[in-house]
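Residues per chain are reported as follows:
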Amino acid sequence: CQVTTTLASAANHAKMYLAEVYAHSRPVTYLREGMTEASIWHNGNIVYQHDFTFFNNRMNPVRINMKAENGVVTAELYELVLPRRTGGNGDYADKG
């Protein structure tokens, strides 16, 4: 759940569309003020009962970098700005 909460907070901060988010059933120690609470839960058969879903509402792809170190999880979302396309032939505008 700490990974899910961290990713949900980063996605919310980046103004992504959070489609499916569930709160924790009890208090958690890693949730700081301003973070988006999100949990996932599945039974032993890997049938998910709660899930976390967000959508990239940007015009470009988004790269997600996550790291867990010394009990701290961080998430970074980067919008990858692609060269703009010209007409319908698939060529890029800033070809060298």
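Being a predicted model, the structure only gives us computed values, none of them experimental.

## Some details on the overall build of the protein
1) Next: Summing up its helical and strand segments, the protein has 1 helix and 6 strands in all.
2) Next: Reading the secondary structure of the protein in the N-to-C direction produces α-β-β-β-β-β-β.
3) Next: Looking at the 96 residues of the protein, the share that counts as buried comes to 20%.
4) Next: If you take every contact in the protein between residues at least 6 apart in sequence, the share linking residues at least 24 apart comes to 50%.
5) Next: Carbon together with sulfur atoms contributes 51% to the accessible area of the protein, which is approximately 7,200 Å² in total.

## A short note on the environment of M59
1) Next: Structurally, the position occupied by M59 is in the loop between β4 (53-55) and β5 (62-69).
2) Next: The exposure class of M59 is exposed, given its relative accessible area of 80%.
3) Next: As for M59 and V81, which are separated by 22 residues in sequence, their C-alpha atoms are 8.6 Å apart.

## Let's talk about the nonpolar core
1) Next: Within the largest apolar cluster, 9 residues are counted, these being L7, A8, A10, A11, A14, M16, F52, A75 and L77.
2) Next: Mapped onto this core, the elements with two or more residues apiece are α1 (2-13) and β6 (72-79).
3) Next: Broken down by element, this core gets its largest block of residues, 4 residues, from α1.
4) Next: The residues touching A14, leaving out its near neighbours within four places in the chain, are R58 and L77.

## Details of the pattern of salt bridges
1) Next: For the coordinates displayed, the defined rule picks out 2 salt bridges.
2) Next: The salt bridge involving E79 is made with R58; its shortest N-O contact spans 3.4 Å. With a gap of 21 residues between them, E79 in strand β6 and R58 in the loop between β4 and β5 connect regions that are remote in the sequence.
3) Next: Accessibility expressed as a relative area gives 30% for R58, which makes it partly exposed.
4) Next: Between E69 and K67 there is a salt bridge; the shortest N-O distance is 4.0 Å.
5) Next: Residue K67 is classed as partly exposed on the basis of its relative accessible area of 47%.

## Re the packing of aromatic side chains
1) Next: Taken as a whole and assessed by the stated rule, the structure comprises 1 aromatic pair.
2) Next: For the ring pair Y17 and F55, a centre distance of 6.0 Å and an interplane angle of 20° mean the geometry is stacked. Remark: F55 occurs in strand β4 and Y17 occurs in strand β1 (residues 17-20); sequence separation between them is 38 residues.

About the thresholds
- Residues numbered from 1 in each chain as written.
- Predicted model: local features only at pLDDT ≥ 70, side-chain atom pairs only at ≥ 80, totals over all residues.
- Heavy atoms only, no water.
- Helix = DSSP H or I, 4+ residues; strand = E, 2+ residues; numbered from the N terminus.
- Buried < 20%, exposed > 50% of the residue type's maximum accessible area, 1.4 Å probe, protein only.
- Contact = heavy atoms within 4.5 Å.
- Areas by Shrake-Rupley, 256 points an atom, 1.4 Å probe, with all protein chains shown as cover.
- Core = buried A, V, L, I, M, F, W, Y, C linked by side-chain atoms within 4.5 Å.
- Salt bridge = Lys/Arg side-chain N within 4 Å of Asp/Glu carboxyl O.
- Phe/Tyr/Trp six-rings, centres within 6.5 Å; stacked < 30°, edge-to-face > 60°.

Shape is all these values report; function is a separate question.
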